[in-house]
Amino acid sequence: MAEEVKQEEKKEKVDVKKVISTIFKVILGLVFLALGVWAIKAWWRDLLLVVRGCIGLFLVLAAVITFAIAKE
(Lines give C-alpha, C1' and ligand atoms only; values in the text may rest on other atoms or scores of the structure.)
Protein backbone atom coordinates (compact mmCIF):
# COMPACT_ATOMS: atom_id res chain seq x y z
CA MET A 1 0.00 0.00 0.00
CA ALA A 2 2.77 2.42 0.95
CA GLU A 3 4.69 1.58 -2.23
CA GLU A 4 1.64 2.40 -4.37
CA VAL A 5 1.33 5.82 -2.72
CA LYS A 6 5.02 6.53 -3.34
CA GLN A 7 4.69 5.52 -7.00
CA GLU A 8 1.64 7.78 -7.45
CA GLU A 9 3.50 10.72 -5.87
CA LYS A 10 6.47 10.04 -8.12
CA LYS A 11 4.23 10.00 -11.20
CA GLU A 12 2.66 13.32 -10.17
CA LYS A 13 6.10 14.93 -9.85
CA VAL A 14 7.14 13.65 -13.26
CA ASP A 15 3.90 14.93 -14.79
CA VAL A 16 4.49 18.40 -13.33
CA LYS A 17 8.00 18.45 -14.81
CA LYS A 18 6.65 17.38 -18.19
CA VAL A 19 3.96 20.06 -18.12
CA ILE A 20 6.46 22.78 -17.20
CA SER A 21 8.83 21.55 -19.92
CA THR A 22 6.02 21.55 -22.50
CA ILE A 23 4.87 25.04 -21.52
CA PHE A 24 8.45 26.33 -21.79
CA LYS A 25 8.84 24.79 -25.26
CA VAL A 26 5.54 26.28 -26.45
CA ILE A 27 6.52 29.75 -25.19
CA LEU A 28 9.95 29.43 -26.81
CA GLY A 29 8.29 28.35 -30.08
CA LEU A 30 5.97 31.36 -29.99
CA VAL A 31 8.94 33.68 -29.39
CA PHE A 32 10.80 32.20 -32.38
CA LEU A 33 7.66 32.49 -34.51
CA ALA A 34 7.23 36.15 -33.59
CA LEU A 35 10.89 36.88 -34.32
CA GLY A 36 10.59 35.11 -37.68
CA VAL A 37 7.53 37.12 -38.70
CA TRP A 38 9.25 40.33 -37.62
CA ALA A 39 12.39 39.42 -39.61
CA ILE A 40 10.33 38.73 -42.74
CA LYS A 41 8.56 42.08 -42.41
CA ALA A 42 11.77 43.98 -41.65
CA TRP A 43 13.83 42.47 -44.49
CA TRP A 44 11.17 41.75 -47.10
CA ARG A 45 13.07 43.37 -49.98
CA ASP A 46 16.26 41.53 -49.09
CA LEU A 47 14.35 38.26 -48.88
CA LEU A 48 12.92 38.78 -52.36
CA LEU A 49 16.41 39.56 -53.66
CA VAL A 50 17.72 36.27 -52.25
CA VAL A 51 14.79 34.32 -53.74
CA ARG A 52 15.33 35.91 -57.14
CA GLY A 53 19.04 35.14 -56.89
CA CYS A 54 18.36 31.48 -56.14
CA ILE A 55 16.00 30.88 -59.06
CA GLY A 56 18.86 30.24 -61.49
CA LEU A 57 20.60 27.81 -59.14
CA PHE A 58 17.33 25.99 -58.54
CA LEU A 59 16.77 25.58 -62.28
CA VAL A 60 20.32 24.25 -62.76
CA LEU A 61 19.78 21.75 -59.96
CA ALA A 62 16.45 20.67 -61.48
CA ALA A 63 18.19 20.15 -64.84
CA VAL A 64 20.96 18.03 -63.30
CA ILE A 65 18.40 15.88 -61.48
CA THR A 66 16.39 15.51 -64.70
CA PHE A 67 19.51 14.41 -66.62
CA ALA A 68 20.39 11.93 -63.87
CA ILE A 69 16.89 10.43 -64.03
CA ALA A 70 16.96 10.33 -67.85
CA LYS A 71 20.36 8.60 -67.84
CA GLU A 72 18.94 5.58 -66.02
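Just so it is clear, the model here is predicted, and its values are computed rather than measured.

*Asks:* I keep staring at the overall build of the protein and nothing clicks. Help me out?
*Replies:* Scanning the protein for helices and strands turns up 2 helices and 0 strands. Across the 72 residues that make up the protein, the buried fraction comes to 0%. Here the protein displays about 7200 Å² of accessible surface, and carbon together with sulfur accounts for 73% of that area.

*Asks:* Would you take a moment to explain helix α2 (residues 44–71) for this structure?
*Replies:* What sets the pattern is the α-helix's 3.6 residues per turn: residues three or four places apart point alike. Under the 1.5 Å per step criterion, the end-to-end length of α2 is 40 Å for 28 residues, consistent within 8% with the ideal 40 Å. Taken as a whole, α2 carries its principal kink of about 30 degrees at Ile55.

*Asks:* Please clarify how the packing of aromatic side chains should be interpreted in this entry.
*Replies:* The way to describe two aromatic rings as a pair is by their centre distance and the angle between their planes. With the rule as written, the count across this model stands at 1 aromatic pair. Here Trp38 and Trp43 contribute two aromatic rings whose centre-to-centre distance is 5.4 Å and whose plane-to-plane angle is 70 degrees, an arrangement assigned as edge-to-face. Among the residues examined, Trp43 registers a relative accessible area of 47% and is labelled partly exposed.

*Asks:* Teacher, can you tell me more about a nonpolar patch on the surface here?
*Replies:* A surface patch of nonpolar side chains, about 1000 Å² in accessible area, is lined by Val19, Ile23, Phe24, Ile27, Leu28, Val31, Phe32, Leu35, Trp38 and Trp43. Checked against the element boundaries, Leu28 lands in helix α1 (residues 2–42). Note on Leu28: relative accessible area 35%, which makes it partly exposed.

What counts, and where the lines are drawn
- Residues numbered from 1 in each chain as written.
- Predicted model: local features only at pLDDT ≥ 70, side-chain atom pairs only at ≥ 80, totals over all residues.
- Heavy atoms only, no water.
- Helix = DSSP H or I, 4+ residues; strand = E, 2+ residues; numbered from the N terminus.
- Buried < 20%, exposed > 50% of the residue type's maximum accessible area, 1.4 Å probe, protein only.
- Areas by Shrake-Rupley, 256 points an atom, 1.4 Å probe, with all protein chains shown as cover.
- Expected span 1.5 Å × (residues − 1).
- Bend = angle between axes of the 7 residues up to and from the residue.
- Phe/Tyr/Trp six-rings, centres within 6.5 Å; stacked < 30°, edge-to-face > 60°.
- Patch = residues over 30% accessible without salt bridge, like charges linked within 9 Å, V, L, I, M, F, W, Y side chains within 5 Å.
- Salt bridge = Lys/Arg side-chain N within 4 Å of Asp/Glu carboxyl O.

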